[in-house]
Amino acid sequence: MGYTTYLFDFDYTLADSSRGIVTCFRNVLNKHGYTNVTDEDIKRTIGKTLEESFSILTGVTDEEQLAGFKSEYRKEADTHMTINTVLFLETKSVLLALKDAGAFIGIISTKYRYRIKEMLDQHFPGSFFNIIVGGEDVQTAKPSPEGLLLAIKQLHVTKAETLYIGDSTVDAATAKAAGVDFAGVTHGVTTTEELAKYPHWKIMSSLEELLENDELPTHDKQSADNEDSTANKVIPQHPVVSTPAVPAVSASPISPAPRRRKIINIWQILILAILLWLSFEEGEDSNVFLWSFILVLWYILTKRRILPDRVLDFISPWWTPCKKYLRALHIKMVRGKEIPPISEESNICLNCDTVYTGSYCNRCGQSRNTPRYRFSNAFRNILGGFTNIDNGFGRTLLDLLYRPGYMIRDFIAGKRILYFRPFQTLFVLAALYIMAVQLVDPEALKEKKGKSPEAQRQEIVAAREQLQKRIETATDPTTQNILNKTIEGLDKKLENLETEDSTDIRKNNLIAARELLQKQMKETKKPDQKEVLAQTIKELNQDLEKLETSKNLKKDNITLQINGDEDDELIDELLEGGSSVFNKLEKAIHNTPFLEKVWNLLKSWGHGNKAFRIIATLPLFALATLMAFRRKKNKLHYNLTEHIFIQAYIACQILLLSIIVLPFNGSAQVGDLYELPILFIFALFCLDYKQLYGYTWWRSFWTTILMFFYSLILLIIFAIIVVALIVAAVYILKPLL
């Protein structure tokens, strides 16, 4: 008997969505006080309608109350279902093999069709499945054959060439009612013995058995009777295409070969060759064509194949097991660390001698696992005493390295006992970074001061002498003119240095005179002498202000060329007023010992303090991410506060990698926000958003670009606001100071 059509149930057949289903049921049931329902009870209802499941779990039969449960469940499913659903290891390879053999592939499920497509679109092209029948497409759910018969009618196939694969007795009863062959798979909670009570072609422990060499399906007498009785039923006829272009897929061996896409064409090869050549020709400071080549190659690989069929067949025996291991790793990444089951053994608390069951004492809260002190747990206890780091810190660092997005999603969703809090993690990592810098590059933590005027003067003189020698050897008049202009510029710099030297000498003399007069003013007791000294000190302060103003204007070297006398006067007034205000503020700070100490402390603390600078950028990236991921089709919607915590964890991930690469770099960039290159940071954001939102790589790439674009726009707006506030402050404070 050959099959051309394979129709599958979804839950526990193609995918494991039990974690999402249990979470949704648990949240609804706990909200209404049904706390005694176990996870196993919930799993036993998978495959039934929501109304039937809630009625079984709660005993409620009122239709309005069950409809309320269903509505609450759908809201919970929008948040928890898709992200907690994973395909079984063999699902993708089996479906691809059946599709390559020319079979029709479909899904018949009580789950909503849009939710099934939302999950499958992450793994298959949009046109991969020939039909998907969800709970909203039928009037009566399984075990009614309505959905199965609808698929057979839409695909224009016969019952004899259709096989329905499911995991529960409901699926078996559905196939029996529709009169089609049934294959059971024991992925779920239904046992082989329970499935064997229904007519079946085979009962499998894995979907891969669909591809194995088996004998023709044999049915017992009960099955034959059921087929005869079903055949005598009148089933509405539908138009059938006389020559369907679907080759028969028999139960003979089917090689699980990889999917055969069209091979790359000559135009695509030409485009890749041109981009690769341009990437070699462009300068070192630009990587535009290199990244264009990578993106185009990535796009072509998703649509075409480059390797010939013989090569693919040769590497398939080695690559297929690797894909299974990668899939298993992906499932582990999604699920993370599993919560250990509750111990049913009775224990005596070592702290309060209370007899209890479970993992923790219900009187004092002490853990059941309280061993004697040995070197391993003693070291952990000592480390926790110094740093207040508990067991969740190591788990958090490990998850930040290989499953950051999934970990952040779990933490925001409420699974917080396993993980260290984000801002605590950020501060600890910042402290570890400073310690690592002290070991690798201690000079980086020292605040770098500018070169002395004498050193600058020596460098300028040396450069001038070299240029003078080049003028003597040069024969081209144009080169000589350029070198002469350069020498004139160096001469002007020397004049400025001389002026600055004289200004600094005069400033130091005025400060010394002022300190001497202030000392005499404290010692004298005559009022007239105090008045004279105060007036002299005031005049010295005015001279110092003038020196500071002129020095700042020369140092900034601002040249304004604006047409119109009114604009010139306005700009000059703003610069002079701003310089005057800032000088007076600085003077007020330095004249107050307490404020001067606080200011110096803040300056020294801010130098090299990455945690402070990172925290300052979190609201910017959080708001940009909120804007980039605001689309309604996203099932996960986080508020601004949650986005700040998300960005804090991403910052922890980048800072952790900065600590790891620091010994390999040999030097620290304390002044930069992170040690990593910007392109690597961009790739980390893509990975985090892909895992957090369940996006494809391509969609995550473009959404991350959009997030950085919004960040740039917000940064420009913030800079404009800061400049406006500074201008306003200058005009407000100028009359007061």
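Preceding this paragraph is the structure being described.
Residues numbered from 1 in each chain as written. Predicted model: local features only at pLDDT ≥ 70, side-chain atom pairs only at ≥ 80, totals over all residues. Heavy atoms only, no water.

**Brief notes about the overall build of the chain**
Counting its regular elements, the chain contains 26 helices and 10 strands. The proportion of buried residues among the 737 residues of the chain is 37%. Put simply, the chain shows about 43700 Å² of open surface, and 59% of that area lies on carbon and sulfur atoms. (Helix = DSSP H or I, 4+ residues; strand = E, 2+ residues; numbered from the N terminus. Buried < 20%, exposed > 50% of the residue type's maximum accessible area, 1.4 Å probe, protein only. Areas by Shrake-Rupley, 256 points an atom, 1.4 Å probe, with all protein chains shown as cover.)

**Some details on the pattern of salt bridges**
Applying the stated criterion across every chain yields a total of 12 salt bridges. Where Glu51 meets Lys70, a salt bridge forms, and the shortest distance between an N and an O atom there is 3.2 Å. Taken as a pair, Glu51 in helix 3 (residues 50-58) and Lys70 in helix 4 (residues 63-80) lie far apart in primary sequence, 19 residues in all. You can call Glu51 partly exposed: its relative accessible area is 29%. Residue class for Lys70 comes out partly exposed when judged on its relative accessible area of 23%. As a salt-bridge pair, Asp399 and Arg395 come within 3.5 Å of each other at their nearest N and O atoms. With Asp399 and Arg395 both in helix 15 (residues 392-402) and four residues apart, the pair spans about one turn of that helix. Note on Arg395: relative accessible area 24%, which makes it partly exposed. (Salt bridge = Lys/Arg side-chain N within 4 Å of Asp/Glu carboxyl O.)

**Some points on the sheet that holds strand 7 (residues 181-185)**
The strand order across the open sheet built from six strands is 5-4-1-6-7-8, with neighbouring strands paired in parallel fashion. The sheet is open, and its two edges are formed by strand 5 (131-133) and strand 8 (202-204), each paired on a single side. Shown here is a sheet whose adjacent strand axes are inclined to one another by a mean of 20°, direction ignored. Bridge count between strand 1 (residues 5-8) and strand 6 (residues 162-166): four bridges; the pairing is parallel. Note on strand 6: the bridge partner recorded for Thr5 is Thr162. (Pairing = 2+ DSSP bridges. Axes fitted to C-alpha atoms, helices over the stretch in contact; angles between N-to-C directions.)

**Here's the deal with the packing of helix 16 (residues 404-413) against helix 24 (residues 640-665)**
Packing of helix 16 against helix 24 brings their axes to within 10 Å, and their N-to-C directions diverge by 145°. Remark: the crossing between helix 16 and helix 24 carries right-handed chirality. Packed against helix 16, whose contacting residues are Pro404, Met407, Ile408, Phe411 and Ile412, the element helix 24 presents Glu642, Phe645, Ile646, Tyr649, Ile650 and Gln653 at the interface. Its residues placed into classes, the contact of helix 16 with helix 24 shows nine nonpolar, one polar and one charged. (Left-handed = near helix turned anticlockwise from the far one by under 90°. Contact = heavy atoms within 4.5 Å. Nonpolar A, V, L, I, M, F, W, Y, C, P; charged D, E, K, R; others polar.)

**Points about the side chain of Arg26**
Relative to the elements of secondary structure, Arg26 occurs in helix 1 (residues 18-31). Polar side-chain contacts of Arg26 include one of 2.6 Å to the backbone oxygen of Val37. Beyond its immediate stretch of four places on either side in the chain, Arg26 contacts Thr35, Val37, Thr38, Asp39 and Ile42. (Polar contact = N/O pair within 3.5 Å; in protein donor to acceptor, adjacent residues only side chain to side chain.)

**As for helix 11 (residues 266-281)**
Under the 1.5 Å per step criterion, the end-to-end length of helix 11 is 23 Å for 16 residues, consistent within 8% with the ideal 22 Å. Residues of helix 11 that are buried include every one of Gln268, Leu272, Leu275 and Ser279, and no others. Each buried residue of helix 11 sits inside an arc of 65° when the element is viewed along its axis, so together they form one side. Seen from the buried face of helix 11, the exposed residues on the opposite side, beyond 90 degrees, are Ile266, Trp267, Trp277, Phe280 and Glu281. (Expected span 1.5 Å × (residues − 1). Arc of directions from axis to C-beta.)

**Topic: the packing of aromatic side chains**
One pass over the full model with this rule turns up 30 aromatic pairs. For the pair Tyr34 and Phe69, a centre-to-centre distance of 6.4 Å together with 90° between the ring planes defines the contact as edge-to-face. Taken together, the residues span a long stretch of sequence, with Tyr34 in the loop between helix 1 and helix 2 (39-43) and Phe69 in helix 4 at a distance of 35 residues. Aromatic side chains Phe423 and Phe645 sit 5.5 Å apart centroid to centroid with 85° between the ring planes, which places their arrangement in the edge-to-face category. Taken as a pair, Phe423 in helix 17 (residues 422-440) and Phe645 in helix 24 lie far apart in primary sequence, 222 residues in all. A relative accessible area of 31% means that Phe645 is categorised as partly exposed. One aromatic cluster is present, formed by Phe621, Phe629, Tyr638, Phe682, Phe685, Tyr689, Tyr693, Tyr695, Trp698, Phe701, Trp702 and Phe708 through successive ring pairs. The aromatic ring of Phe411 is capped on one face by Arg416, whose charged end is 5.3 Å from the ring centroid. (Phe/Tyr/Trp six-rings, centres within 6.5 Å; stacked < 30°, edge-to-face > 60°. Lys NZ or Arg CZ within 6 Å of the ring centre and 35° of its normal.)

**Remarks on the nonpolar core**
In terms of nonpolar packing, the biggest core is built from 49 residues, with Ile408, Leu429 and Ile654 touching the most fellow members. If you list the elements that add at least two residues to this core, you get helix 15, helix 16, helix 17, helix 23 (610-628), helix 24, helix 25 (678-693) and helix 26 (697-733). Take this core: its biggest share by element is 12 residues, from helix 24. Leave out the neighbours within four places in its chain, and Ile408 touches Ile646, Tyr649, Ile650 and Leu692. (Core = buried A, V, L, I, M, F, W, Y, C linked by side-chain atoms within 4.5 Å.)

**Describing the environment of Tyr164**
Tracing the backbone shows Tyr164 in strand 6. On a C-alpha basis, the gap between Tyr164 and Phe8 in space is 5.8 Å, while along the polypeptide they are 156 residues apart. For Tyr164, the side chain forms a polar contact with the side chain of Asp171, separated by 3.2 Å.

**Remarks on a nonpolar patch on the surface**
A cluster of nonpolar residues, Leu706, Phe709, Leu712, Ile713, Ile716, Ile717, Ile720, Ile721 and Leu725, forms a patch on the protein surface that exposes about 820 Å² of accessible area. According to the relative accessible area criterion, Ile716 is partly exposed, its value standing at 43%. (Patch = residues over 30% accessible without salt bridge, like charges linked within 9 Å, V, L, I, M, F, W, Y side chains within 5 Å.)

**Thoughts on unusual backbone geometry**
Put simply, Lys142 and Pro143 share a cis peptide bond, and its omega is 15°. If you trace the backbone, Pro143 turns up in the loop between strand 5 and helix 7 (146-155). In this structure, Tyr12 takes a positive phi of about 65° despite not being glycine. Tracing the backbone through its elements, the reader meets Tyr12 in the loop between strand 1 and strand 2 (15-16). Residue class for Tyr12 comes out buried when judged on its relative accessible area of 7%.

**Overview of the environment of Val355**
As for its placement among the helices and strands, Val355 is situated in strand 10 (residues 355-357). Overall, Val355 belongs to the exposed group, its relative accessible area being 58%.

**Quick look at the state of the cysteines**
Note on terminology: disulfide describes a covalent bond linking the sulfur atoms of two cysteines. In the structure shown here, the tally under the stated rule is zero disulfides. Free of any disulfide, Cys349 has its nearest cysteine sulfur in Cys364, 3.5 Å distant. (Disulfide = S-S within 2.5 Å.)

**Examining helix 8 (residues 169-178)**
Most of helix 8 sits out of view: seven of its 10 residues are buried. Turning to helix 8, its buried residues are Val170, Asp171, Ala172, Ala173, Thr174, Ala175 and Ala178. Taken from the residues just after helix 8, Gly179 is the one with a positive phi, measuring 80°.

**A few points about the pairing of strand 1**
Judged by which residues are buried, strand 1 turns out to be covered on both faces: Thr5 and Leu7 on one side and Tyr6 and Phe8 on the other are all buried. Bridge count for strand 1 against strand 4 (residues 104-108) is four bridges, and the pairing is parallel. Considered in strand 4, the bridge of Thr5 is made with Phe104.

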